[in-house]
Amino acid sequence: MNEESLITPQHPIGSGFGHDSTASDVVAGVDLRGKTAIVTGGYSGLGLETVRALASAGAQITVPARRPEHAKDVLASAGLAPEHVTVEALDLAEQRAVKDFAERFLGSNETLDILINNAAIMASPEQRVGPGWESQFATNHLGHFTLLNILWPALAAAGSARVVSLSSTGHKLSPIRFEDINFENGYDKWKAYGQAKTANALFAVELDRLGKSAGVRAFAVHPGGIMTELQRHLPREEIVAAGWMDAAGKVREGFKTPEQGAATSTWAATSPALAGMGGVYCEDCDIAKPTDPASPLARYQGVDAHAVDPEAAARLWAVSAEMTGVNAFT
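How do you make sense of the overall build of the protein when you look at a structure like this?
Of the regular secondary structure elements, the protein holds 10 helices and 10 strands. When the accessible surface of the protein is split by element, carbon and sulfur atoms take 52% of a total near 13800 Å².

Which parts of the structure should I look at to understand the environment of E134?
With respect to the secondary-structure elements, E134 resides in strand β6 (residues 133-134). Take E134: its relative accessible area is 0%, and that puts it in the buried class. Between the C-alpha atoms of E134 and A192, which are 58 residues apart in sequence, the distance is 8.0 Å. What E134 contacts, discounting residues up to four positions off in sequence, is Q127, R128, N182, F183, Y187 and A192. At a separation of 2.8 Å, a polar atom in the side chain of E134 contacts the main-chain amide nitrogen of Q136.

Can you help me understand the packing of aromatic side chains in this one?
How two aromatic rings sit relative to each other is given by the distance of their centres and the angle of their planes. In the structure shown here, the tally under the stated rule is 7 aromatic pairs. Look at F145 and W317: their rings are 4.7 Å apart centre to centre, the planes differ by 70°, and that puts the pair in the edge-to-face class. Of this pair, F145 sits in helix α5 (residues 135-158) while W317 sits in helix α10 (residues 310-324); the two residues are 172 residues apart in sequence, bridging distant segments of the chain. Just as F145 is buried, W317 falls in that class too. Plain terms: the ring middles of W317 and F329 are 5.8 Å apart, the flat faces sit at 65° to each other, and that makes the pair edge-to-face. Of the two residues, W317 sits in helix α10 while F329 sits in the segment after α10, which places them 12 residues apart along the sequence. Note on F329: relative accessible area 25%, which makes it partly exposed.

Scoring rules and cut-offs
- Residues numbered from 1 in each chain as written.
- Predicted model: local features only at pLDDT ≥ 70, side-chain atom pairs only at ≥ 80, totals over all residues.
- Heavy atoms only, no water.
- Helix = DSSP H or I, 4+ residues; strand = E, 2+ residues; numbered from the N terminus.
- Areas by Shrake-Rupley, 256 points an atom, 1.4 Å probe, with all protein chains shown as cover.
- Buried < 20%, exposed > 50% of the residue type's maximum accessible area, 1.4 Å probe, protein only.
- Contact = heavy atoms within 4.5 Å.
- Polar contact = N/O pair within 3.5 Å; in protein donor to acceptor, adjacent residues only side chain to side chain.
- Phe/Tyr/Trp six-rings, centres within 6.5 Å; stacked < 30°, edge-to-face > 60°.

This is the structure we're talking about:
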């Protein structure tokens, strides 16, 4: 069987779920007992609801957190017992912290069945981390890139693992700026966010190509429009101007609840319907269609070609490996 025959088409499969499905809906009937999972940012917003759904199906979950004590309090308040959900320290913006967490995990777990790269920052003020990296790219992409590559032995050992990378329609705001990936020639918070979300999508494309022979499949996910802590860097007037809520604070119709927003990543991580598939961008609990440029909803639906381009994905992987010094596939 040649590699071309293993490529999953970028079009819907008729999952039976949709925009309004919740994480608990898509995990109903799925048995995750004996399975291990990591969910970055799994103590707020979508991440918390993803953890809740995976735990309800029996998974043993590790939640890496920049503020571990706060994360423990939140998870305990949500009724998620420490014997099922454990918290470990991790700051995705710090490469040493990422490596330390991953190495600790490998020291106590032989396998990893599910990795959900959920944590992110959005439209943040200009900030440099590490050796001068732009913070959104460094946190949303490079932190998860290093995490995956260090954890690779545990994923491969599982025999049939899934990696879910949370992208968004933000990918439509910018392709990868290979000529100025760290915005050294002028910072734009939304283009920087767009580049990071494109990187999250391309990460899944190349990881799936590299990992499928070991039974590791990867998916990129757009969770939908949801009001969560992700908007913490945006002033209220900017949120209103964007049409996400009105002046009275009422959220725009069509936005999802956190439970609905967690559904697509939970579906991608667990659905039997995706067996043997991977390397695609998903939305509304199904594989997304390519963007229709003529559609009035082109900004909000579908996936742009630059975010699923295999050549760009391979180039980004090589650049990321050079920047971080980490590559499990060399």
